Amino acid sequence: MRRAHIGVCLALVLGVVAADYGRDRDTGEQASPGGVGYLIRNASLILTMDPHLGAGGSLGQLEHADLLIVGDRIAAVGANLAGPDGVRLIDGRGLIVMPGFVDTHDHLWQSLIRGCAADDDLNGWLNRCVFPLNTSPFSETDAYAGVRLSTTGLIDTGVTTVVDWSHAFNPGFVRGNLRALTDSKMRFVFAMLGAQSDGSDIIAAKQEFIDGNPLATLQVAAHPTPFLATHVADMTAVAQLLGVKLHVHLLENISQVAEDPLGVLQAAGAFALGRDLYTAHSIHLSDANIATLATLDAAVSHQPLSNMRLASGIMRYPDIEAARIRIGLGLDGGTNDTTDAFNNMRAAVGLQRAKSFAPNASPTVAAVLRAATLGGAEALDMENQIGSLTPGKQADAIVIEPHALTFAPLLRTVNQIVFNGQPQHVQWVFVAGRALKEMGRVQGVDQGELLKAAQIATDNIAPALQP
Ligand SMILES: [Zn+2]
């Protein structure tokens, strides 16, 4: 019965999409910037991440299948699909197709401080590499250069949605940050640390850069620590006013346990946000803290590479997952020193195994692939838009070429995506049906100029940093 019901639902979804497509054609609208869309034909493996589309449980695996992108959406997935006139064909033989990665917590300007403070923990690293910039000039141009470098690296690795927790050092920085995010053509969530207690700066940024961009979403950022309690209360009120998520760092370093950040959030009224409370790191959670987050229906973003680098600890992934808390993966900027989403998945898997001696500890390969895509979308409450290759959703997808020295030969392809994947294996990246990486090359940027601008920016801010 259930299977039949799903079949009917699917047919309805496909029917609706086909009808919408027809309307697009009738009005002569150009469906996607590059033309009508893309038909990836006869891919060796498609991970739809939709358990109703394909085998393998949550992965939704289809072998020798096609993916049709029309306009900004997934139009269909399955065998022997026909594309509309003008669709661009991609020969999928030998290739892997899956949803783009969702990077649920990052600080994009921090590509400018890669390598800073090699042997410090979080507090030492902040003191040397981040806090000095609160009082030194950080220009719009420099912010733009750093964020553009990061977004280009993220596209290269197959990230299609990024959540940027912005330190928003000054108004010029905010403009440079948001201009670069906009120009990247990625889907982005901008979590802004407001400087004005009434949120007027956040509202101004929202009106100028978020409201008119269908790829953009706003969050409000805060850092729950006792000496910032008033600011946390202000930012909570702004998040409530705007109906957006409050995105906080939570219990990243063990020294923060004594500060009782969840108590700070509760006193600030942030528990009233419930599902709109969004916490990064969340490493040193007690059983009671996990129960609190579960009761609130808060989400957690996990940064394994960064946590390793800063000796922060290992998040209690299996316990948080068992409490049915939504978990996404995040890269966390300069503290992982790369923008490699594959490396981040490996770290998420490896840390739990190293800690528990259990080779099947959560996240497994299947679970980490889900966390890196649909799980991240769920943490953001964007799972109706992105995270799986379900017809009707936004066409945020990547194509992996596995015939590489560091990936081939194929034996257990799904496992190899996690254990062998690297950014250079990603051949195509689509966001809302637009190809941001094409035939292995990120589009729309001169990489030589990009690197030159980033070096100038780093040279500008470097004098403020501690040795
Ligand atoms: Zn962070």
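To be clear, the structure that these remarks concern was listed above.
Cut-offs used in this document
For every chain, the first residue of the written sequence is number 1, and numbering continues from 1 onward in sequence order. Local features in a predicted model are, by the rule used here, given only for residues with pLDDT of at least 70; side-chain atom pairs are given and counted only at 80 or more, and totals for whole chains, interfaces and linings are based on all residues. Only heavy atoms go into the side-chain values, all of them from the structure, while hydrogens and water stay out. In this description, a nonpolar core means a group of buried Ala, Val, Leu, Ile, Met, Phe, Trp, Tyr and Cys residues linked to one another through side-chain atoms lying within 4.5 Å. Per-residue accessibility, obtained with a 1.4 Å probe over protein chains only, is compared with the maximum for each type, and a residue is labelled buried under 20%, exposed over 50%, and partly exposed between these values. Helix numbering and strand numbering both begin at the N terminus, where a helix is a DSSP run of H or I of at least 4 residues and a strand a DSSP run of E of at least 2. Between two residues, a contact is recorded if the distance between any of their heavy atoms is within 4.5 Å. Coordinating donors are taken as N, O and S atoms within 2.8 Å of the metal, stretched to 3.2 Å for Na, K and Ca; because water is absent from the atoms, sites can appear incomplete. Each label reflects the angles at the metal, where four donors whose angles all fall between 85 and 135 degrees are tetrahedral, four or six donors whose opposite pairs open beyond 155 degrees and whose other angles stay between 65 and 115 are square planar or octahedral respectively, and the rest are irregular. Whether two strands pair depends on DSSP finding at least two bridges between them. For every element, the axis is a line fit to its C-alpha atoms; helices are fit only across the contacting stretch, and the angle between N-to-C directions ranges from 0 to 180 degrees. The rule is simple: put a 1 Å grid over the protein atoms alone, call a set of points where a 1.4 Å probe fits but cannot get out a cavity, call an open set with protein on both sides within 12 Å along at least five of seven lines a pocket, and count a residue as lining if it has an atom within 4 Å of a point. Grid points are joined across faces, edges and corners, and a volume is the space filled by probe spheres set on the points. Residues are grouped as follows: Ala, Val, Leu, Ile, Met, Phe, Trp, Tyr, Cys and Pro are nonpolar; Asp, Glu, Lys and Arg are charged; all remaining types, including Gly, are polar. Here the aromatic set is Phe, Tyr and Trp, taking the six-membered ring for Trp, and pairing holds for ring centres within 6.5 Å; pairs whose planes are under 30 degrees apart are stacked, those over 60 apart are edge-to-face, and all others are tilted.

Caption draft 1: The arrangement of the nonpolar core in detail. In this structure, L246, L265 and L369 are the most contacted members of the largest nonpolar core, which totals 111 residues. Top element by residues in this core is helix α3 (residues 140-157). It accounts for seven residues. Residue contacts for L265: discarding those within four places in its chain leaves P224, V232, L246, V248, L250, A270, F271 and L277.

Caption draft 2: Here's a closer look at the coordination of the zinc ion. The coordination sphere of the zinc ion, as far as protein atoms go, consists of H105 (NE2), H107 (NE2), H249 (NE2) and D332 (OD), spread over 2.1 to 2.3 Å. Because the angles between the four donor atoms bound to the zinc ion fall within 89 to 178°, the donor set is best described as irregular. Look at where the donors of the zinc ion fall in the sequence and you get H-x1-H-x141-H-x82-D.

Caption draft 3: Looking closely at the sheet that holds strand β10 (residues 245-250). Taking strand neighbours across the sheet as the criterion, the eight strands line up as β6-β7-β8-β9-β10-β11-β12-β13 in an open arrangement whose pairing is parallel. A single partner strand is all that each edge strand has here, and the edge strands are β6 (101-106) and β13 (326-329). Sheet twist, expressed as the average angle between the axes of neighbouring strands with direction ignored, equals 25°. Where β10 meets strand β11 (residues 277-281), five bridges bridge the pair, whose relative direction is parallel. When the bridges of β11 are listed, L246 appears paired with L277.

Caption draft 4: Molecular detail of the layout of surface pockets. Taken as a whole, the largest pocket encloses approximately 690 Å³ of empty space. For the lining of the largest pocket, the leading source of residues is helix α2 (residues 122-129), giving five residues. The class makeup of the residues in the lining of the largest pocket is 13 nonpolar, 15 polar and three charged.

Caption draft 5: Structural view of the packing of aromatic side chains. Tallied over the full model, the rule gives nine aromatic pairs. Geometrically, the ring pair formed by W109 and F169 is edge-to-face, given 5.2 Å between the ring centres and 80° between the ring planes. Of this pair, W109 sits in the loop between β6 and α2 while F169 sits in the loop between β7 (159-166) and α4 (171-184); the two residues are 60 residues apart in sequence, bridging distant segments of the chain. Among the residues examined, W109 registers a relative accessible area of 0% and is labelled buried. Aromatic side chains F138 and F173 sit 4.8 Å apart centroid to centroid with 85° between the ring planes, which places their arrangement in the edge-to-face category. Separated by 35 residues along the polypeptide, F138 in the loop between α2 and α3 and F173 in helix α4 bring together distant segments of the chain. There is no split in this pair, since F138 and F173 are both buried. The rings of W109, F138, F169 and F173 are connected pair by pair, giving a single aromatic cluster.

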